[in-house]
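Per-entry structural report
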Amino acid sequence: MTTLNFTTAKCIELPAQGVYRIIKCAYEGKTYILKCLKPAYADKRAYRLLLKREYEAVKRIDNPCLPNVHALLDESPYGPCIVEEYVDGRSLTAYIAERHTTAELEAVARQIMDGLRAIHAHCLQHRNLKPSNVLITRQGDQVRLIDLWPAYADEIQVPRASTRYLAPEQKDETVAIDARADIFALGMLMRDMGLSDVFGRVIDRACSMGRSDRYIDIDAMEQAIDGGSSGRGRRLLLWAAGILVVVIIGVGGYALLGNGASDNAPSAVVTDTEAVAPDTLTRQTDTDVAATSTIQVDIESVRRTLQARLDAIYSPCLTADTLQAETRKAMRKQVKGYYKELIQTLGTMTQAERDAVDQAFGDYVKQKNAQLPPL
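Residues numbered from 1 in each chain as written. Predicted model: local features only at pLDDT ≥ 70, side-chain atom pairs only at ≥ 80, totals over all residues. Heavy atoms only, no water.

Before going further, it helps to spend a moment on the packing of helix 7 (residues 196-206) against helix 8 (residues 218-225). Closest axis-to-axis distance for the helix 7/helix 8 pair is 9 Å, and the angle between their directions is 155°. One way to sum up the angle between helix 7 and helix 8 is to call them roughly antiparallel. Pair helix 7 / helix 8 crosses with right-handed handedness. Along its contact with helix 7, which presents Phe199, Val202 and Ala206, the element helix 8 presents Met221, Ala224 and Ile225. Classifying every residue of the contact of helix 7 with helix 8 by side-chain character gives six nonpolar, no polar and no charged. (Axes fitted to C-alpha atoms, helices over the stretch in contact; angles between N-to-C directions. Helix = DSSP H or I, 4+ residues; strand = E, 2+ residues; numbered from the N terminus. Parallel < 35°, antiparallel > 145°, perpendicular 65-115°, else oblique. Left-handed = near helix turned anticlockwise from the far one by under 90°. Contact = heavy atoms within 4.5 Å. Nonpolar A, V, L, I, M, F, W, Y, C, P; charged D, E, K, R; others polar.)

Between its first and last C-alpha atoms helix 6 (residues 179-192) spans 20 Å; for 14 residues at 1.5 Å apiece the expected length is 20 Å, and the two agree. The element helix 6 is extensively covered by neighbouring structure, given that twelve of its 14 residues are classed as buried. All of the buried residues in helix 6 are Ala179, Arg180, Ala181, Asp182, Ile183, Phe184, Ala185, Leu186, Gly187, Met188, Leu189 and Met190. Within two residues after helix 6, Gly194 carries a phi angle of roughly 80°, on the positive side. (Expected span 1.5 Å × (residues − 1). Buried < 20%, exposed > 50% of the residue type's maximum accessible area, 1.4 Å probe, protein only.)

The rolling of a water-molecule-sized probe over the atoms marks out the regions of remaining empty space. Scanning the entire structure with this criterion turns up three cavities of 30 Å³ or more. The volume enclosed by the largest cavity comes to roughly 90 Å³. What lines the largest cavity is a set of 13 residues, and nearest its centre among them are Arg127, Asn128, Leu129, Tyr165 and Leu166. Residue contributions to the lining of the largest cavity peak at three residues, all from helix 6. Of the residues in the lining of the largest cavity, the class split is five nonpolar, four polar and four charged. Considering only enclosed or pocket space, the second largest cavity measures out at about 70 Å³ in volume. Taken together, Asp172, Glu173, Thr174, Tyr314, Arg328, Met331, Arg332, Val335, Val365 and Asn369 make up the full set of residues lining the second largest cavity. For the lining of the second largest cavity, the secondary-structure elements that each account for two or more residues are helix 13 (325-346) and helix 14 (351-370). Broken down by element, the residue count for the lining of the second largest cavity peaks at four residues, all from helix 13. For the lining of the second largest cavity, the residue count by class is four nonpolar, two polar and four charged. (1 Å grid on protein atoms, 1.4 Å probe; cavity = no way out; pocket = protein on both sides within 12 Å on 5 of 7 lines; lining within 4 Å. Points joined across faces, edges and corners; volume = space filled by probe spheres on them.)

Mapped onto the elements of the fold, Gln125 is located in the loop between helix 4 (102-121) and strand 7 (134-137). A distance of 3.3 Å separates a polar atom in the side chain of Gln125 from a polar atom in the side chain of Arg127. (Polar contact = N/O pair within 3.5 Å; in protein donor to acceptor, adjacent residues only side chain to side chain.)

Taken in spatial order, the three strands of this open sheet run 6-7-8, and their pairing is antiparallel. Here the strands that pair on one side only, and so sit at the sheet edges, are strand 6 (89-91) and strand 8 (143-145). When strand polarity is set aside, the average angle formed by the axes of neighbouring strands in this sheet is 30°. For strand 7 and strand 8, the ladder comprises three bridges, and the chain directions are antiparallel. Pairing of Leu135 across the sheet is with Arg144, part of strand 8. The sheet contacts of helix 4 involve strand 7 and strand 8, and relative to strand 8 the element is tilted by about 40°. (Pairing = 2+ DSSP bridges.)

Take the sheet that holds strand 5 (residues 81-85) next. Taken in spatial order, the five strands line up as 1-2-3-5-4 in an open sheet, and their pairing is antiparallel. For this open sheet the edge positions go to strand 1 (10-14) and strand 4 (69-73), each flanked by a neighbour on one side alone. Mean inter-strand twist for the sheet, computed between neighbouring axes without regard to direction, equals 25°. Helix-sheet contacts for helix 2 (residues 45-61) involve strand 2 (20-27), strand 3 (30-37), strand 4 and strand 5, and the interaxial angle to strand 4 is about 155°.

Evaluated as defined, the whole model comprises 23 salt bridges. Measuring nitrogen to oxygen at the nearest pair gives 3.2 Å for the salt bridge that ties Asp141 to Arg90. Of the two residues, Asp141 sits in the loop between strand 7 and strand 8 while Arg90 sits in strand 6, which places them 51 residues apart along the sequence. Note that Asp178 is salt-bridged to Arg211, the shortest N-O span being 3.4 Å. With Asp178 in the loop between helix 5 (168-172) and helix 6 and Arg211 in the loop between helix 7 and helix 8, this pair connects stretches of sequence that are 33 residues apart. Side by side, Asp178 and Arg211 carry an identical accessibility label, which is buried. (Salt bridge = Lys/Arg side-chain N within 4 Å of Asp/Glu carboxyl O.)

Let us look at the pairing of strand 2. Of all the eight residues making up strand 2, six are buried; the element is thus mostly covered by neighbouring parts of the structure. As paired elements, strand 1 and strand 2 share five bridges and run antiparallel to each other. Bridge assignment links Ile12 to a residue of strand 2, and that residue is Lys24. Counting the residues that bridge the hairpin from strand 1 to strand 2 gives five residues, and of these Gly18 lies at a positive phi of roughly 80°. With eight bridges connecting them, strand 2 and strand 3 associate as antiparallel partners. Paired with Ile23 across the bridge in strand 3 is Leu34.

When you tally the buried positions in strand 5, you get five out of five residues, the bulk of the element. Where strand 3 lies against strand 5, five bridges are found, and the strand directions are antiparallel. Across the sheet, the residue bridging to Leu34 is Val83, located in strand 5. Relative to strand 5, strand 4 is paired through four bridges, and the arrangement is antiparallel. Looking at the pairing, Leu72 lines up with Ile82 of strand 5.

Structure below.
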């Protein structure tokens, strides 16, 4: 495939926003899409690397819900480009306008879930899920998720046509992005599809502004759609179980439970809810309720440590009269680097612990950002 030569191929350029050019080419009886960089970006190493990272990610996933990628050409009439299959389809927006049945719309939503599940299984996220990046074939209504956004894109300035489908943490750039950012976008798409009447509670939770309020992964969201974890009965059961635990502890049951613990059980278990930030407690999901009584991370100690480190990172910028764009970009990079360092230092955590750390980190970053001088 790398020997393809599109110099003499019949090609037309399709409308495209952002940094990419999309070229449709007929070559030796087949139709391909060349995904290239616009001239303003084609000679810049950072954007060429972005193109390469996207190719590597999609090639590795190899799932029917993503387009087939055939090659990454370093040289072509249009510069470096990804050669991928041509999808004879329409965008999700156009598909919705065709007024399909609820069952047909749900089938499309589940295909989007399958595609995201495959992406997440490779420890990646789509990061750019929106109606124009969901193609549906004209034959068979098969979904193709396009324009997957590698994590590397966070390090460079890439214009976005729309931010409506971006999770709040993607806009704030305060914490590392995980699968819950894609779940937010999926919830927004399902609202656009008119599925709120059928899956209203599930969609509302998926679209929660706080990421710890969303489903932890696609499987959990799909189980809720199928009548699982989002059901009223399950929430009542968890609530009742929580009350029972409190009662047991109150009457001395804690000692009884302790006598039955294994020798490998943690020696210190935090049961005082004051050890967890109040905001974190109010933002927990159903699946986190049971974890609140076994939190091992000393959140207040972590909070003091991260605040001191962030103070040092922000200090040079806070003392300036004005802030240059490059200086702010460098500072944000330091903040992201420290977040990754912090998570690695803390090691394995429960989801409740991770959410509490993320909340403490994000809240303090927002506080420091509000103190920055104007650009």
